[in-house]
Amino acid sequence: MRKKLSEAYPDCDKNTVDGMLVIIVEKVVSEMEKGGLEQMTGSAASTPSEDFSEDLWRTVWDVSNVVLQDMEKEKKKEKMKIFLQSEEVKEMYRFAGEVGIRGDMLRELRGVGDNDNEDEDKQKIVSLPKRHGKIKYKIYGLDLSDPKWAEVADKVHKSGEVMWPQEPKPISGRCKLVTDKILSLQEADDPAPLLGEWIGLLQPSRVDWIAFLDRLKEQNPHIYFKIAELVLGEESFNANVRDYSKLIDALAKENRLEDAERILTKMNENGILPDVITLTIVVHMYCKSGNLDRAKEAFESLRAHGFQPDMKVYNSMIMAYVNAGQPKLGESLMREMETRDIKPTKEIYMALLRSFAQVGDVNGADRISTTMQFAGFQPSQESCALMVEACERAGNLDQARHNFDQMMKLGHKPDDRCTASIIAAYEKKNLLDKALNLLLELEKDGIEPGVATYTVLVDWFSKLELFEEVEQILDKIAEQGEAPPLKLHISLCDMYIKSGAEKKALQALGVLESKIEQLESADFERIIDSLKAGGFVEDARRIHGMMEARGFVLSEPLKVALTASRAVGTSHRSNKYSPEQR
């Protein structure tokens, strides 16, 4: 009716058409109450009242007749559906299928007698022949009379419930107000009272809970985790292992380790055993947080349950070992991957190579480099530079130079870090002439030293007390426009203490104190030793306290020397400077 009104009055807006429809509906209902629908829509239908024009009433009757016809059609369809699904018709089709009557023959039998007169058809009595024994229904060789097919039907029904899940209940009235209050809660608020009221009003099923949590996660993610944890304990939610694993995964991605562990504990307390997905999530979570011991426990638990780790789990564990400075354990997992025909990625190889280089394990770095080549990854500039770094840290100058020359032969130009590594290898052997000759050769090839290389030279020259040369290098570093690395400030602090430049020494020390979290154990040792030797005993003791706060232990000889310096009353020249000046 709306369509016809819109066509008749194209200039009217929707509200006007709605008003017309209301008036028409009220009048039609009034006429129906007087004479009934059938009387109004019959062939003799006319104009019941003069309120509407004859054309309008005719349109109303046309629409009404169309509706009635559709209703009649639906009734016929429903009757036909009931007829086709009746046991008698099913039995007839089963019998026809067994005796081989199908397709055209079945239609032909159905059509027999269509040309006879109706009286003869009425006198004919058609009945199915009696059959003895149990009927067996076979389709394409399957015996569908077996009871197991009833179980299959039940499973199909359950699968249908999953594919076409139940719709959540509509939320209105008081329940809607409570829902809005929950959605507007702050992270510090306690959602339990409002949630209890919501449960009492809606009496939610699992589908209602899921719809509510999805909405909450989208509109108020801050309070989502609190409510999701409470919902896990609700009977109507009927929590399963996947609900727990999803929440643990979401918390782990937000770096909320304690909350994730609490959910995992609740899961075990409720008798729900972690499956492979949950254990995999836990492995990733502990690897990401750097908790190697717990990561190993989860990894071994995964194996104990008979689950084989996949590529992602192996990668996470290997990176955890790398970050913990244990590349050999990471390498053992890499070998395990290879035995299971899981090819490690180039990133894994490089992470292991980098870790072996940092600890100065030349053999380990060489094994990884060789394995990479067998796996089809050709030596790159970075892998060659890491081999040079590994040899430098191990104090093996000859091997470092061999790898450096090999990199040049492969056509890879050394970057500043690689050049710094080979110069540092010469520094450990105190071969200054050879180091400078190498720098001159590189300069001829267009390779200029960078901040990293200059930092090594500053450290080396300061130890040789070549203070003027150090100042020249500092000018070159300033020209580079890069921020000086931490190691440079350590070298400068040591140099200024040795040269007696007290003010500059304390300024360099102030810079180091501002970056105390970046210092390693060897850095603390060198700073404390320099301060003690220069007479800055109180400063040395203060730095020692910072070292212990970081969890590092001072070597015994230096600890004894520091104690002795304090006992004999070594001068404390740093005391005349305030902390701000330092």
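Residues numbered from 1 in each chain as written. Predicted model: local features only at pLDDT ≥ 70, side-chain atom pairs only at ≥ 80, totals over all residues. Heavy atoms only, no water.

As named in an unreviewed UniProt entry, the chain is Protein NUCLEAR FUSION defective, mitochondrial, taken from Sesamum latifolium.

J.: Explain the overall build of the chain to me, using residue names and the numbers behind them.
T.: Summing up its helical and strand segments, the chain has 31 helices and two strands in all. Taken over 582 residues, the chain has a buried fraction of 36%. Look at the contacts in the chain between residues 6 or more apart in sequence, and 61% of them connect residues 24 or more apart. Counting only carbon and sulfur atoms, one obtains 52% of the accessible surface of the chain, whose full area is about 35,500 Å². (Helix = DSSP H or I, 4+ residues; strand = E, 2+ residues; numbered from the N terminus. Buried < 20%, exposed > 50% of the residue type's maximum accessible area, 1.4 Å probe, protein only. Contact = heavy atoms within 4.5 Å. Areas by Shrake-Rupley, 256 points an atom, 1.4 Å probe, with all protein chains shown as cover.)

J.: Quick one: what's the story with the environment of Cys-384, residue by residue and with numbers?
T.: If you trace the backbone, Cys-384 turns up in helix 21 (residues 381-394). In the structure, Cys-384 is positioned 21 residues away from Asp-405 in sequence and 9.8 Å away in space, judged by C-alpha atoms. Residue contacts for Cys-384: discarding those within four places in its chain leaves Pro-379, Met-407, Leu-410 and His-412.

J.: Requested: an account of the packing of helix 20 (residues 362-374) against helix 21, with residues and values cited.
T.: It is the contact of helix 20 with helix 21, at a shortest axis distance of 9 Å, that shows an interaxial angle of 165°. Relative to helix 21, the element helix 20 is oriented roughly antiparallel. Along this stretch, helix 20 crosses helix 21, giving a crossing that reads as left-handed. Counted together, Val-362, Ala-365, Asp-366 and Ser-369 of helix 20 and Met-387, Ala-390, Cys-391 and Ala-394 of helix 21 form the full contact between these two elements. Its residues assigned to classes, the contact of helix 20 with helix 21 comprises six nonpolar, one polar and one charged. (Axes fitted to C-alpha atoms, helices over the stretch in contact; angles between N-to-C directions. Parallel < 35°, antiparallel > 145°, perpendicular 65-115°, else oblique. Left-handed = near helix turned anticlockwise from the far one by under 90°. Nonpolar A, V, L, I, M, F, W, Y, C, P; charged D, E, K, R; others polar.)

J.: Got a sec to walk through the environment of Leu-562? Specific residues and values, please.
T.: As for its position among the elements, Leu-562 is in helix 31 (residues 556-567). Owing to a relative accessible area of 2%, Leu-562 belongs among the buried residues under this scheme. Here the alpha-carbon distance between Leu-562 and Ile-528, two residues 34 residues apart in the chain, equals 8.5 Å.

J.: Lay out the pattern of salt bridges with the relevant residues and their values.
T.: Scanning all chains against the criterion turns up 35 salt bridges. Residue Arg-215 is joined to Asp-180 by a salt bridge in which the shortest nitrogen-to-oxygen separation is 3.9 Å. Within this pair, whereas Arg-215 is found in helix 11 (residues 206-219), its partner Asp-180 is found in helix 9 (residues 173-183), the two being separated by 35 residues in sequence. The partly exposed category is assigned to Arg-215, whose relative accessible area is 33%. Arg-354 serves as the salt-bridge partner of Glu-382, at 2.7 Å between the closest nitrogen and oxygen. Of this pair, Glu-382 sits in helix 21 while Arg-354 sits in helix 19 (residues 346-358), placing them 28 residues apart in sequence. (Salt bridge = Lys/Arg side-chain N within 4 Å of Asp/Glu carboxyl O.)

J.: Quick one: what's the story with helix 11, residue by residue and with numbers?
T.: In this model helix 11 runs 20 Å from its N-terminal to its C-terminal C-alpha over 14 residues, within 8% of the 20 Å that 1.5 Å per residue would give. Along helix 11, the positions that sit buried rather than exposed are Asp-208, Trp-209, Phe-212, Leu-213 and Leu-216. Projected down its long axis, helix 11 shows its buried positions confined to an angular sector of 125°, all on one face. The secondary structure elements touched by the buried residues of helix 11 are helix 9, helix 10 (192-202) and helix 12 (221-231). (Expected span 1.5 Å × (residues − 1). Arc of directions from axis to C-beta.)

J.: For the side chain of Ser-462, give the residues involved together with the corresponding values.
T.: Here Ser-462 lies in helix 25 (residues 451-463). Ser-462 gets classed as buried once you look at its relative accessible area, which sits at 0%. A polar contact is formed between the side chain of Ser-462 and the backbone oxygen of Asp-459, at a distance of 2.8 Å. In this view, Ser-462 contacts Phe-467, Val-470, Ser-491, Met-495, Lys-498 and Arg-526; residues no more than four positions away in its chain are not counted. (Polar contact = N/O pair within 3.5 Å; in protein donor to acceptor, adjacent residues only side chain to side chain.)

J.: With reference to specific residues and values, describe the packing of aromatic side chains.
T.: By the definition in use, this model includes eight aromatic pairs. Members of the aromatic cluster, each reached through a chain of ring pairs, are Trp-198, Trp-209 and Phe-212. Here Arg-206 stacks its cationic end above the ring of Phe-237, 4.8 Å away from the centre of that ring. (Phe/Tyr/Trp six-rings, centres within 6.5 Å; stacked < 30°, edge-to-face > 60°. Lys NZ or Arg CZ within 6 Å of the ring centre and 35° of its normal.)

J.: I'd like a rundown of the UniProt feature "repeat: PPR" (unreviewed entry) in the chain, residues and numbers included.
T.: The UniProt entry lists residues 240-274, 275-309, 310-344, 380-414, 415-449 and 450-484 under the feature "repeat: PPR" (unreviewed entry), expressed in the numbering used here. Helix makes up 77% of residues 275-309 and strand makes up 0%, while its end C-alpha atoms are separated by 13 Å. Annotation note: span residues 380-414, helix share 77%, strand share 0%, distance between end C-alpha atoms 11 Å. (UniProt positions renumbered as here; feature names shortened; annotations may be inferred.)

J.: Describe the packing of helix 13 (residues 241-253) against helix 15 (residues 276-289), and please don't skip the residues or the numbers.
T.: The axes of two packed helices give the description: the angle between them and the distance between them. Here helix 13 crosses helix 15 at 15°, and the two axes come no closer than 9 Å. Relative to helix 15, the element helix 13 is oriented roughly parallel. For the pair helix 13 and helix 15, the sense of crossing is left-handed. Here helix 13 contributes Val-241, Arg-242, Ser-245, Ile-248, Asp-249, Ala-252 and Lys-253 to the contact with helix 15, which in turn contributes Ile-277, Thr-278, Ile-281, Met-285 and Lys-288. Per-class residue counts for the contact of helix 13 with helix 15 are six nonpolar, two polar and four charged.

J.: Report on unusual backbone geometry, specifying residues and quantitative values.
T.: Even without being a glycine, Asn-238 presents a positive backbone phi close to 55°. If you trace the backbone, Asn-238 turns up in the loop between helix 12 and helix 13. Look at Asn-238 and you get exposed, because its relative accessible area is 54%. You will see that Asp-341, though not glycine, has its phi angle at about 60°, which is positive. Residue position: Asp-341 is located in the loop between helix 18 (327-339) and helix 19.

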